[in-house]
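Inside the fold
Okay, here's what each chain looks like letter by letter:
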Amino acid sequence: MQATMERINKLSHERQNLWQKASHGGLTPTEANRVKELTDVLYNLWDQYRREYASRHSQRSPAFVNFTPKQDDKPNQDAA
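Residues numbered from 1 in each chain as written. Predicted model: local features only at pLDDT ≥ 70, side-chain atom pairs only at ≥ 80, totals over all residues. Heavy atoms only, no water.

A closer look at the overall build of the protein chain
Counting its regular elements, the protein chain contains three helices and zero strands. Secondary structure of the protein chain in N-to-C order comes out as α-α-α. In the protein chain, which comprises 80 residues, the proportion classed as buried is 21%. Across the protein chain, every contact between residues at least 6 apart in sequence was considered, and the portion connecting residues at least 24 apart equals 57%. (Helix = DSSP H or I, 4+ residues; strand = E, 2+ residues; numbered from the N terminus. Buried < 20%, exposed > 50% of the residue type's maximum accessible area, 1.4 Å probe, protein only. Contact = heavy atoms within 4.5 Å.)

See below:
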């Protein structure tokens with residue numbers, strides 16, 4: 001659980017730095033793609049963290065924690 005939160009913090013910090021750079025002049029196409037990639041990864045990490053938290057507090061099987069969502073389960077970034 002702590003390792004997941006550490007990764008969330010690290011990637012969130014990276015994404016925040018890119019957003020700050022975007023507000024001061026824009027991002028390269030590679031950096032813009034990285035922001036999208038980070039957003040997808042963070043979405044899945046937060047989901048993983050919530051499962052770990054629930055498992056820890058409800059004494060569920062670790063198999064419940066290792067569920068990997070299908071690609072269709074992610075929010076559609078282009079729909080907004």
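So, the packing of helix α1 (residues 2-23) against helix α2 (residues 29-58)
The geometry of α1 relative to α2 is characterised by a closest axis approach of 9 Å and an angle of 155° between their N-to-C directions. Relative to α2, the element α1 is oriented roughly antiparallel. The two elements α1 and α2 meet at a crossing, and its hand is left-handed. Contacts between α1 and α2 involve Thr4, Met5, Arg7, Ile8, Leu11, Ser12, Glu14, Arg15, Leu18, Trp19 and Lys21 on the former and, on the latter, Glu31, Arg34, Val35, Leu38, Thr39, Val41, Leu42, Leu45, Trp46, Gln48, Tyr49 and Glu52. When grouped by side-chain class, the residues that make up the contact of α1 with α2 number 12 nonpolar, four polar and seven charged. (Axes fitted to C-alpha atoms, helices over the stretch in contact; angles between N-to-C directions. Parallel < 35°, antiparallel > 145°, perpendicular 65-115°, else oblique. Left-handed = near helix turned anticlockwise from the far one by under 90°. Nonpolar A, V, L, I, M, F, W, Y, C, P; charged D, E, K, R; others polar.)

A short note on α1
Taking 1.5 Å per residue as the helical rise, α1 with its 22 residues ought to reach 32 Å, and the 31 Å between its terminal C-alpha atoms agrees with that figure. Those residues of α1 that fall on the buried side of the exposure criterion are Thr4, Ile8, Leu11, Arg15 and Leu18. The arc enclosing the buried residues of α1, seen along the axis, measures out at 95°, which places them on a common side. Exposed positions of α1 whose direction lies more than 90 degrees from the buried face are Gln2, Lys10, His13 and Ser23. (Expected span 1.5 Å × (residues − 1). Arc of directions from axis to C-beta.)

Observations concerning the environment of glutamine 16
Tracing the backbone through its elements, the reader meets glutamine 16 in helix α1. Residue glutamine 16 is classed as partly exposed on the basis of its relative accessible area, which comes to 43%. Put simply, glutamine 16 and valine 35 are 19 residues apart on the chain and 9.0 Å apart in space, counted from C-alpha to C-alpha.

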